[in-house]
Amino acid sequence: MPDAISMVPLETPFGEISIQWHNGKLEAIKLSEFKPTGQFRLRQLSVSDKQLAGLIDALAAYLSGEAIRISVPLELFGYTNFQRDVWRVVSELPYGETRTYGWVAAQLGNPGAGRAVGRALAENPFPIVVPCHRIVRADGSLGGFSAGLKWKRALLQLEGIHLN
């Protein structure tokens, strides 16, 4: 019998995050409107899935400023091979470092695909876990972020990266 879908809200110092988890895989992380609160709060305290509990702990550690890499199984069904490849490359980026859209495209063997990389990152359902906030424009400016530039700037600053 398949596991039920878990929706776990996590109040973070930057706003609420909703974690969608199903059958032992992360289906999505949704970042709400950027509203700095300075505190963490779990609305759902009992989580029976150990991997999900580990993800919650890892997100809390990361958002508290701990330099960690979050690794959990991702539900990739329904996404293109190109999207999966972009997210795989971005997942390997070290904490506290940025790369450009063009750099990601070059890693995929297609240096002219920077815009396509941007589109794939705009559809990333796993922000923070697949750290698309670490991808910036070639001129060093922020570029885009599906949850808004306030979230992107806050996540980069959390990692010690300060961009204009």
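Predicted, not measured: the structure shown is a model, and the values here were computed from it.

> Could you clarify how one ought to interpret the pattern of salt bridges in this entry?
When charged atoms on two side chains of opposite charge get close, those side chains can pair. Under the counting rule described, the total for this entry stands at two salt bridges. Of the charged contacts in the structure, one is a salt bridge between Glu97 and Arg99, with a shortest N-O distance of 2.9 Å. Glu97 gets classed as partly exposed once you look at its relative accessible area, which sits at 33%. On the basis of relative accessible area, Arg99 is assigned to the partly exposed category, the value being 22%. The partner of Glu159 in a salt bridge is Arg134, with the nearest N and O atoms 2.9 Å apart. Highlighted residues: Glu159 in the segment after helix 5 (149–158) and Arg134 in the loop between helix 4 (114–122) and strand 6 (135–136), separated in sequence by 25 residues.

> Would you explain the nonpolar core in this entry?
Among soluble globular proteins, nonpolar side chains are generally buried collectively. Within the largest apolar cluster, 42 residues are counted, with the highest numbers of intra-cluster contacts made by Ile19, Leu26, Leu55, Ile70, Leu121 and Ile128. Elements with a contribution of two residues or more to this core: strand 1 (6–12), strand 2 (15–22), strand 3 (25–31), helix 1 (50–63), helix 2 (81–91), helix 3 (101–107), helix 4 and helix 5. In terms of residue count, helix 1 provides more of this core than any other element does, eight residues in total. Leu121 has contacts with Val86, Trp87, Val90, Tyr101, Cys132 and Ile135, leaving out every residue within four places of it along the chain.

> Before we go on, may I ask you to explain helix 4 in this structure?
For an α-helix, 3.6 residues make a turn, and residues three or four places apart therefore share a direction. Among the residues making up helix 4, those that are buried are Gly114, Val117, Ala120 and Leu121. Looking down the long axis of helix 4, one finds its buried residues gathered within 115 degrees of arc, a one-sided arrangement. Across from the buried face of helix 4, at angles greater than 90 degrees, the exposed residues are Arg115, Arg119 and Ala122. Those residues of helix 4 that are buried lie in contact with helix 2, helix 3 and strand 6.

> What is the right way to look at the packing of helix 2 against helix 4 in this model?
When two helices pack together, their arrangement is captured by the angle between the axes and the distance separating the axes. Where helix 2 contacts helix 4, the axes come no closer than 9 Å and their chain directions differ by 85 degrees. Between helix 2 and helix 4, the angle falls in the class roughly perpendicular. Across the interface between the two elements, Phe82, Gln83, Val86, Trp87 and Val90 of helix 2 pack against Ala116, Val117, Ala120 and Leu121 of helix 4. Partitioned by chemical class, the residues of the contact of helix 2 with helix 4 number eight nonpolar, one polar and no charged.

> Before we go on, may I ask you to explain unusual backbone geometry in this structure?
Backbone geometry follows two general trends: most residues other than glycine have a negative phi, and most peptide bonds adopt the trans configuration. With a phi close to 50 degrees, Asn23 is a non-glycine residue in the positive phi region. Examined against the element boundaries, Asn23 turns out to sit in the loop between strand 2 and strand 3. Backbone geometry places Ile128, a non-glycine residue, at a positive phi of 80 degrees. Structurally, Ile128 can be placed in the loop between helix 4 and strand 6.

> For this particular structure, what's the right way to read the packing of aromatic side chains?
Where two aromatic rings form a pair, the distance of their centres and the angle of their planes describe that pair. For the coordinates displayed, the defined rule picks out six aromatic pairs. Relative to Phe34, the ring of Phe14 has its centre 6.1 Å away and its plane inclined at 15 degrees; by these criteria the two rings are stacked. In this pair, Phe14 is assigned in the loop between strand 1 and strand 2 and Phe34 in the loop between strand 3 and strand 4 (41–42), connecting sequence segments 20 residues apart. Classification of Phe14 by relative accessible area gives buried; the value is 13%. For the pair Phe34 and Trp151, a centre-to-centre distance of 5.8 Å together with 80 degrees between the ring planes defines the contact as edge-to-face. Note that Phe34 is positioned in the loop between strand 3 and strand 4 and Trp151 in helix 5, a separation of 117 residues in sequence. Owing to a relative accessible area of 0%, Trp151 belongs among the buried residues under this scheme. An aromatic cluster is present here, built from Phe14, Phe34 and Trp151 joined pairwise through their rings. The aromatic ring of Trp103 is capped on one face by Arg99, whose charged end is 5.1 Å from the ring centroid.

Quick notes on the rules
- Residues numbered from 1 in each chain as written.
- Predicted model: local features only at pLDDT ≥ 70, side-chain atom pairs only at ≥ 80, totals over all residues.
- Heavy atoms only, no water.
- Salt bridge = Lys/Arg side-chain N within 4 Å of Asp/Glu carboxyl O.
- Buried < 20%, exposed > 50% of the residue type's maximum accessible area, 1.4 Å probe, protein only.
- Helix = DSSP H or I, 4+ residues; strand = E, 2+ residues; numbered from the N terminus.
- Core = buried A, V, L, I, M, F, W, Y, C linked by side-chain atoms within 4.5 Å.
- Contact = heavy atoms within 4.5 Å.
- Arc of directions from axis to C-beta.
- Axes fitted to C-alpha atoms, helices over the stretch in contact; angles between N-to-C directions.
- Parallel < 35°, antiparallel > 145°, perpendicular 65-115°, else oblique.
- Nonpolar A, V, L, I, M, F, W, Y, C, P; charged D, E, K, R; others polar.
- Phe/Tyr/Trp six-rings, centres within 6.5 Å; stacked < 30°, edge-to-face > 60°.
- Lys NZ or Arg CZ within 6 Å of the ring centre and 35° of its normal.

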